[in-house]
Amino acid sequence: MMGCFEIGALWLMVTIISVDADTSAGGIQAECLGNRVQFTLPSSLNVGSPLEVYAVNNTQTVLLTPHLAAQCGYTQKSDPWGNTIVSASLNNCFAENKGDKEFKVAIQVKLYEFPMLSEKVHEAFKSCSHSMVSREILCETNFMEVSVRNAIPEIKKAPVKEWPTVIPNLQLWKILLYTPEEKAFDKETLQEMGYSVYSSPTRLVLRSPYNMAETFVQHVDDVDMMVFKSVVLFRDRWMLAIVESAAACPTNGASVVGQMIYWHFPLHITPLVSSEVEILEVHMGINGRRLTPEEMSSRNFSMMFTESHVVVEIPIGAPGGYYKSHALENQNHISYTIEPMLELLWMEGLDKTTYKVLFPITTPLTPWPPQITDYTQPQKKAFDVLLGYFLPDVKLLNITFGSELLTVSEVIIKGIVLQEQSFPNGTKAFTLQVPFSEPHVQVKTLHPDRRTYSLPLVFGFVILPEQASFSYSTELEVSLNDTVHPNAGGRCNQDIFNIFVQYGSTPRSQLKIKLGQVEINDEVLQQYEHHSNETHFKIVVPFLAPLVAIESVRLTGVVGRIDVEIYDTLNDWHVKDFSLACTFFVKMSECFSNGTITVVVPKLESVTRLVPGELSLKDPTCKPYYNEDHFAYFRFDVTTCGTTRKFVGDTIKYENEVTWKRDELLPQISELWPEPEYRFSVSCIYTANATQSMIFHAVSHLKEPEADVGKGELTVSLRLSQDMVYRLFYHDGDYPVLKFLKQPLYFEVGMDHSRDSRLAVRLENCWATLTKDRESKPKWDLIVDGCPNHKDPEQTVFHPVIEDDRVDIPDHFKRFEVKTFTFKEDDGSSKNEGAAVARRVFVHCDVVICHVGNTADGHCYKQCGATQNSIRSSLNRVRRSSSFSEEAPQHVSIGPILLI
């Protein structure tokens, strides 16, 4: 123990010394790593205190300055976790060397807990054994070293009768350095210049810091190598010995691509070899420690070889490296640093060379600006934010509230909540809670019912240990409303727009809502499926409704858009705009087997002056079959309206087109804004030669078949025919089916998988709704108690079913026709034809399977009024008694059918 005391202005100095043995005693870890030894001083020993590292050789203790460390073979660095790593070559200036095989390296570390008041000293040493080959080259981060076998010849003793043997006393005479020109120096001069020269009976060691005047750069296979090349001359009065040595260490070769680091290192280092060499071993390591293949695989490291290079691949963020913060132009950046190691062993002639290079790689700086996450709940009347994310080396120094700068401690004293949070991935963030009552919070009134609270902030940070600073500015802002303002939204589904409007706390009577160019009112809502209450309303709008703007018609579908505008009429505020555009995959034209073609042509938003009624086919006299302001509907045969045909193989292709021939009397459009051309092509392809097959069954009359008693389930289905002949039907994948006013709908109800002629299908009730829900309102009755709805002037019409190649038992089917004009409002008021458009219709039926023998009450064959077109197709059929009991009604539905 050593102490020094002084009174008054004199200082107190206390020194505490602890000696660590050749182990990890005292917390200092020491390990032998080939031709290096490494000491690790954990952060728990210094706790951020300043420290000094000394080299120890017996009683000699020398402070390792950066210059002396590079000259004598020492390296010192710190990692982000506060650990101090000191590594040294076994051939360093202060090592105890026993026969160039046993080495002892000792260091002393002084920690200054309170500068100029007390210090704590730790000593540690490590003994290592190392067998050297002919030449060993070490490339450390601050020096390069070469150790070669001393080539001084061994003089054998001569026989006694001969002349006396003269043993040479060879001394190091001159050292020639190549820069690349030859320069001669003596040992003392080189030592003063910062080089290190050491010789023993078996080895010669030369060491040079990087970027010395006598070193030079040589380009080797696209890699720059720093070269230290020398020839050492030993001489006596009558003998001269020459020892050549060279070291070459890479100064570049690393690149970053994406999230991967690539390190290219030449396999044939021309400054070190004169001919082709045989590579015996190649190893990779991290931080001076060699890794096994299993360790490399677990860390996703890889090493591969080309003809000229060994290539090491390291993922950014891999274990063994670390991230570091940097301040650049007052902004936060990060980099990733890792120190890979390569060890090569090669054979040249009879000599072996070991080559070890430690090559720190740092990725380019990447901006990593802070991010604000706002957790503010306005009703709590306080800002609540999280500012992140930072590396551990970033420290928050102060926060500027408005114009007042406060340190972290001053912020906490004021009662403002400021906390630091750490995360498992090694990052951290800061949470800040500031009440709205804080004087620096600014209050603005932008609306009668809204106040905006804002707080400008500037966060000041410092990066340790270099004390680099940066800042981050932001402005917190939140608004408090006494009312909830209206909102609008929607989505598309198949052939419809689903639009919703939430009133918020504004009364519905105070709002004006426009869909497209139409203001919503009760009359408009009655034309569409909708649901409303005191808080909101939802409306279903078909894509070809007048409220929808058609942007384009493409092969992939029709692009439609619906615009929603909300106004507060009381305050004259424009509250909300909302637009929803969707592509609908629907058929705009259909080709029927009877040669009929139907086409629906929408009015495009871009052709503002288009009048759908002025459209025509190739034959100008073929005008729309039906039209309104927003679309036109054509229906024509393949032999009319200028339709052309073309034979392609065994098919016939019919083509026509819809065009607009503008009225010449209309004002001409400016040449700068010409009216877009409107043209819609239609084509249908039919098979030229097709054979229809008929399947029939011959039944023997010699013996009446008998059926076994059993149980089963009879099912029925509802289908929509493409035309009035009931030969082609729409399938499930065809829906939604597009139909138009004046175009009737042909339905068929049929029994599935039954060949029992004693059974028949009876329709009890059929009706239509706007949704899939059979119980929804409104509803239109089509068939009531087996007969057409007598209240509907456009009554449903039954069609007869006759036996053909598809229908074996007509009683198993029922067919009826529905006029599209049926689907209008039930209030009896006079409406124009447009009131019936833009509907999605679902048709439902209650079906009963009955026994044809039950004719007493006409239950199976309902007798309706004189206008009923029901035809009993099997009156003459032989009725047989049976124990069949009539089943409960089955429910069938079909849709949606889009009516425009």
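Residues numbered from 1 in each chain as written. Predicted model: local features only at pLDDT ≥ 70, side-chain atom pairs only at ≥ 80, totals over all residues. Heavy atoms only, no water.

**Side note on the overall build of the protein chain**
Looking only at helices and strands, one finds six helices and 68 strands in the protein chain. Each of the 900 residues in the protein chain was classed as buried or not, and the buried ones make up 46%. Considering only contacts in the protein chain between residues 6 or more positions apart, those separated by 24 or more positions represent 63%. Accessible surface for the protein chain amounts to roughly 47800 Å². Of this, 52% is attributable to carbon and sulfur atoms. (Helix = DSSP H or I, 4+ residues; strand = E, 2+ residues; numbered from the N terminus. Buried < 20%, exposed > 50% of the residue type's maximum accessible area, 1.4 Å probe, protein only. Contact = heavy atoms within 4.5 Å. Areas by Shrake-Rupley, 256 points an atom, 1.4 Å probe, with all protein chains shown as cover.)

**Quick look at the pairing of strand 61 (residues 745–752)**
Of all eight residues making up strand 61, seven are buried, and the element is well covered by its neighbours. Where strand 59 (residues 715–721) and strand 61 come together, seven bridges link them in antiparallel fashion. Counted as the bridge partner of leucine 718 is valine 749 from strand 61. The pairing of strand 61 with strand 66 (residues 813–818) spans six bridges and is antiparallel. Within strand 66, the residue paired with valine 749 across the bridge is lysine 814. (Pairing = 2+ DSSP bridges.)

**Points about the pairing of strand 40 (residues 450–463)**
The buried fraction of strand 40 is high, at ten of 14 residues. In this sheet, strand 40 lies alongside strand 35 (residues 394–401) in antiparallel orientation, the contact comprising seven bridges. Pairing of asparagine 398 across the sheet is with glycine 460, part of strand 40.

**Quick word on the state of the cysteines**
This structure, assessed with the given rule, holds six disulfides. Disulfide pairing places cysteine 32 opposite cysteine 128 at an S-S distance of 1.9 Å. Looking down the S-S bond of the cysteine 32 and cysteine 128 bridge, the torsion is -85 degrees, so its handedness is left-handed. Within this pair, whereas cysteine 32 is found in strand 3 (residues 29–33), its partner cysteine 128 is found in strand 11 (residues 118–129), the two being separated by 96 residues in sequence. A relative accessible area of 34% means that cysteine 32 is categorised as partly exposed. Cysteine 128 sits in the buried class, given a relative accessible area of 1%. With a sulfur-sulfur separation of 2.1 Å, cysteine 622 is cross-linked through a disulfide to cysteine 641. Disulfide cysteine 622-cysteine 641: torsion about the S-S bond near -90 degrees, hence left-handed. Note that cysteine 622 is positioned in the loop between strand 53 (615–616) and strand 54 (626–627) and cysteine 641 in the loop between strand 55 (631–637) and strand 56 (644–648), a separation of 19 residues in sequence. Like cysteine 622, the residue cysteine 641 is buried in the burial classification. (Disulfide = S-S within 2.5 Å.)

**Let's talk about the side chain of aspartate 846**
Within the secondary structure, aspartate 846 sits in strand 67 (residues 839–851). Note on aspartate 846: relative accessible area 12%, which makes it buried. A distance of 2.8 Å separates a polar atom in the side chain of aspartate 846 from a polar atom in the side chain of arginine 774. With near-sequence residues (within four places) excluded, aspartate 846 lies in contact with Arg762, Leu763, Glu764, Asn765, Trp767, Arg774, Pro889, Gln890 and His891. (Polar contact = N/O pair within 3.5 Å; in protein donor to acceptor, adjacent residues only side chain to side chain.)

**Focus: the nonpolar core**
The tendency in soluble globular proteins is for nonpolar side chains to be buried as a group. Phe497, Ile499, Val541, Val564, Leu615 and Phe634 are the most contacted members of the largest nonpolar core, which totals 61 residues. Of the residues forming this core, the biggest block, five residues, is contributed by strand 55. Once residues within four sequence positions are removed from consideration, leucine 615 is found in contact with Val601, Leu610, Cys622, Lys623, Pro624, Ala632, Phe634, Val658, Thr659, Trp660 and Tyr678. Formed by 59 residues, the second largest nonpolar core is a distinct cluster that contains Val146, Val220, Ala246 and Leu272. (Core = buried A, V, L, I, M, F, W, Y, C linked by side-chain atoms within 4.5 Å.)

**Details of the pattern of salt bridges**
Applying the stated criterion across every chain yields a total of 26 salt bridges. For glutamate 343, the salt bridge goes to arginine 290, with nearest N and O atoms at 2.9 Å. Here glutamate 343, found in strand 29 (residues 340–348), pairs with arginine 290, found in strand 24 (residues 289–290); they are 53 residues apart in sequence, far enough to count as distant. For arginine 290, a relative accessible area of 45% gives the class partly exposed. Linking arginine 679 and glutamate 657 is a salt bridge whose minimum nitrogen-to-oxygen distance equals 2.6 Å. In this pair, arginine 679 is assigned in strand 58 (residues 679–687) and glutamate 657 in strand 57 (residues 651–660), connecting sequence segments 22 residues apart. Arginine 679 gets classed as partly exposed once you look at its relative accessible area, which sits at 47%. Each member of the salt-bridge network shares a partner with another, and the members are Glu551, Arg561, Asp563 and Glu605. (Salt bridge = Lys/Arg side-chain N within 4 Å of Asp/Glu carboxyl O.)

**A few points about the side chain of serine 230**
Mapped onto the fold, serine 230 is located in strand 19 (residues 223–235). Among the polar contacts listed, one links the side chain of serine 230 to the side chain of serine 245, at a separation of 2.7 Å. For serine 230, the contacting residues outside a window of four places in its chain are Ile175, Leu176, Leu177, Tyr178, Leu206, Val243, Glu244 and Ser245.

**Comments concerning a nonpolar patch on the surface**
Together, Trp173, Leu240 and Ile242 make up a nonpolar patch on the protein surface, roughly 290 Å² of accessible area in all. Here leucine 240 is to be found in strand 20 (residues 240–250). (Patch = residues over 30% accessible without salt bridge, like charges linked within 9 Å, V, L, I, M, F, W, Y side chains within 5 Å.)

**Concerning the environment of asparagine 627**
Note that asparagine 627 resides in strand 54. Asparagine 627 sits in the partly exposed class, given a relative accessible area of 35%. With 27 residues separating them in the primary sequence, asparagine 627 and valine 600 have C-alpha atoms 9.3 Å apart. Apart from residues no more than four positions distant in its own chain, asparagine 627 is found in contact with Gly613 and Ala632.

**Regarding the confidence of the model for the protein chain**
Low pLDDT means the predicted atomic positions in that stretch should not be read closely. Of all residues in the protein chain, 83% attain a pLDDT of 70 or more, and the chain-wide mean is 82. Predicted confidence is poor over residues 691–711, with pLDDT under 50, and the contacts of this stretch with residues over four places away or in other chains come to four contacts. Note on residues 826–838: pLDDT under 50 across the span, and 23 contacts to partners over four residues away in sequence or across chains. (pLDDT = per-residue confidence, 0-100.)

**Concerning the packing of aromatic side chains**
With the rule as written, the count across this model stands at 24 aromatic pairs. Seen from their ring centres, tyrosine 195 and phenylalanine 228 are 5.4 Å apart, and the 10 degrees between their planes marks the pair as stacked. Pair noted here: tyrosine 195 is in the loop between helix 3 (187–193) and strand 16 (196–199) and phenylalanine 228 is in strand 19, with a separation of 33 residues, a long-range link. Accessibility assignment for this pair places tyrosine 195 and phenylalanine 228 in one class, buried. A ring pair is formed by phenylalanine 430 and phenylalanine 461, whose centres lie 6.2 Å apart and whose planes are at 45 degrees; its orientation type is tilted. Of this pair, phenylalanine 430 sits in strand 38 (residues 428–435) while phenylalanine 461 sits in strand 40; the two residues are 31 residues apart in sequence, bridging distant segments of the chain. Using a relative accessible area of 5% as the deciding quantity, one classes phenylalanine 430 as buried. Take phenylalanine 461: its relative accessible area is 1%, and that puts it in the buried class. By the ring-pair criterion, three or more aromatic residues cluster together here, those being Trp263, Phe265, Trp346, Tyr355 and Phe359. Residue placement shows lysine 104 over the ring face of phenylalanine 125; its charged tip is 4.5 Å from the ring centre. Across from the ring centre of tyrosine 567, 5.0 Å away, lies the NZ or CZ of lysine 512, which sits over that ring. (Phe/Tyr/Trp six-rings, centres within 6.5 Å; stacked < 30°, edge-to-face > 60°. Lys NZ or Arg CZ within 6 Å of the ring centre and 35° of its normal.)

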